[in-house]
Amino acid sequence: ILNVEQSPQSLHVQEGDSTNFTCSFPSSNFYALHWYRWETAKSPEALFVMTLNGDEKKKGRISATLNTKEGYSYLYIKGSQPEDSATYLCAFNTNAGKSTFGDGTTLTVKP
Amino acid sequence: NAGVTQTPKFRILKIGQSMTLQCAQDMNHNYMYWYRQDPGMGLKLIYYSVGAGITDKGEVPNGYNVSRSTTEDFPLRLELAAPSQTSVYFCASSRRTGGWTSVSTDTQYFGPGTRLTVL
């Protein structure tokens, strides 16, 4: 069983605050690390995929970094908005095709 | 493209009944996955397939079976349903090209989910 851990489990911030979450994963058999955004009553949707150590990805106010040697990734949200409220999942994919998700960080942004 | 479709959307089963959850994708993806999501938890991998004719167990395979006779379809079979199988089931697919340079390597596209209750 592959351990993919996300922290914190939940986060409540005020509109305009910047925040970040952590995903830790095994450092062996690494293929790709994904971040997904999951809104209530919907299906997860992809945010980023990172494959190389040191990768950084950015989409609007959201960005992510990857450290495969130490086995962690950070997701940053700058100037949080109420529409950013969702559960953010990371997924660790191995060379063999297996995909393991963390339990997610649930973000609530208060207006 | 319809993407990933799942049927049914909702189902109530009695203990001991069996059923098949259907999943299909029209994106010519080689990889397909079945997950379950329990309340307050993330996604747990039940089974996955890296291509037609090839399947492998995930974290929580007990009580389930799968088959992958075509690239498009990946049905999940529940035999002898138990209350512990009450969950929301998501099917997903992705295209793995074998290299590390593709931007969309391994991104999973999810179906809308099937909510199953076993009473």
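Notes on the structure in this doc start here. (Residues numbered from 1 in each chain as written. Chains lettered and ligands numbered in written order. Predicted model: local features only at pLDDT ≥ 70, side-chain atom pairs only at ≥ 80, totals over all residues. Heavy atoms only, no water.)

1. Quick word on the overall build of chain B
- Broken down by element type, chain B carries zero helices and eleven strands.
- Going from the N terminus to the C terminus, chain B shows its helices and strands as β-β-β-β-β-β-β-β-β-β-β.
- In summary, chain B has a C-alpha radius of gyration of 14 Å against a globular reference of 14 Å for 119 residues, a match within 12%.
- Judged by the C-alpha coordinates and their principal axes, chain B covers about 45 × 30 × 25 Å.
- Across the 119 residues of chain B, 45% fall into the buried class.
- At a minimum sequence separation of 6, the contacts of chain B that also span at least 24 residues come to 56%.
- A total accessible area of about 5,600 Å² is found for chain B, and carbon and sulfur atoms account for 54% of it.
- Taking the 11 positively charged and 8 negatively charged side chains of chain B as two groups, their mean positions are separated by 7 Å. (Helix = DSSP H or I, 4+ residues; strand = E, 2+ residues; numbered from the N terminus. Rg over C-alpha atoms; globule rule 2.2 N^0.38 Å. Buried < 20%, exposed > 50% of the residue type's maximum accessible area, 1.4 Å probe, protein only. Contact = heavy atoms within 4.5 Å. Areas by Shrake-Rupley, 256 points an atom, 1.4 Å probe, with all protein chains shown as cover. Lys, Arg positive; Asp, Glu negative; His and termini not counted. Charge placed at Lys NZ, Arg CZ, Asp CG, Glu CD.)

2. A few points about the sheet that holds strand β3 (residues 19-24) of chain A
All names here are of chain A.
- An order of β1-β3-β8-β7-β6 is seen for the five strands of this open sheet, with the pairing classed as antiparallel. Whereas interior strands pair on both sides, the edge strands pair on one side only; in this sheet they are β1 (5-7) and β6 (56-59). On average, each strand axis in the sheet is tilted by 15° relative to the strand beside it, whichever way the strands run.
- Alignment of β3 against strand β8 (residues 72-77), held across six bridges, turns out to be antiparallel. Among the inter-strand pairings, threonine 22 is bridged to a residue of β8, identified as tyrosine 74. (Pairing = 2+ DSSP bridges. Axes fitted to C-alpha atoms, helices over the stretch in contact; angles between N-to-C directions.)

3. Thoughts on the interface of chain A and chain B
- Tallying the contact residues gives 24 residues for chain A and 28 residues for chain B.
- Area buried by chain A at its contact with chain B is led by Tyr31(A), Trp38(A) and Phe101(A), which between them contribute 27% of it.
- Here chain A is connected to chain B by one salt bridge.
- Joining chain A to chain B, the criterion identifies six residue pairs in polar contact (both at pLDDT 80 or more).
- Where the side of chain A that touches chain B is concerned, the elements lending two or more residues are β4 (30-38), β5 (45-50), β9 (86-94) and β10 (99-101) of chain A.
- In terms of residue count, β4(A) provides more of the side of chain A that touches chain B than any other element does, five residues in total. (Buried area = accessible area lost by both parts, 1.4 Å probe. Salt bridge = Lys/Arg side-chain N within 4 Å of Asp/Glu carboxyl O. Polar contact = N/O pair within 3.5 Å; in protein donor to acceptor, adjacent residues only side chain to side chain.)

4. Looking at the side chain of Thr68(A)
All names here are of chain A.
- Within the secondary structure, threonine 68 sits in the loop between β7 (62-67) and β8.
- Since its relative accessible area comes to 14%, threonine 68 is described here as buried.
- Setting aside residues up to four positions removed in sequence, threonine 68 forms contacts with Phe25, Ser27, Phe30 and Asn53.

5. Observations regarding the nonpolar core
Residues and elements named next belong to chain A.
- In terms of nonpolar packing, the biggest core is built from 23 residues, with Phe21, Phe25, Leu33, Trp35, Leu75, Tyr88 and Leu107 touching the most fellow members.
- Within the residue set of this core, elements represented by two or more residues are β2 (10-14), β3, β4, β5, β7, β8, β9 and β11 (105-110).
- Not counting residues within four places of it along the chain, the set of residues in contact with leucine 107 comprises Leu11, Val13, Thr19, Phe21, Ile77, Asp84, Ser85, Ala86 and Tyr88. (Core = buried A, V, L, I, M, F, W, Y, C linked by side-chain atoms within 4.5 Å.)

6. Brief notes about the sheet that holds strand β8 (residues 76-78) of chain B
Residue and element names in this part refer to chain B.
- With respect to topology, four strands assemble into an open sheet ordered β1-β3-β8-β7, the strand pairing being antiparallel. Here the strands that pair on one side only, and so sit at the sheet edges, are β1 (4-7) and β7 (64-66). The sheet shows a mean angle of 20° between the axes of neighbouring strands, taken without regard to direction.
- Where strand β3 (residues 19-25) and β8 come together, three bridges link them in antiparallel fashion. Bridge pairing in β8 places threonine 20 opposite arginine 77.

7. Looking at the layout of surface pockets
- Roughly 910 Å³ of internal volume is contained in the largest pocket.
- Around the largest pocket, the lining comprises 42 residues; the ones closest to its centre are Trp38(A), Gln37(B), Asp38(B), Met41(B) and Phe90(B).
- For the lining of the largest pocket, the secondary structure elements donating two or more residues are β1, β9 and β10 of chain A together with β9 (87-94) and β11 (114-118) of chain B. (1 Å grid on protein atoms, 1.4 Å probe; cavity = no way out; pocket = protein on both sides within 12 Å on 5 of 7 lines; lining within 4 Å. Points joined across faces, edges and corners; volume = space filled by probe spheres on them.)

Everything listed here is a matter of geometry and, on its own, says nothing about what the molecule does.
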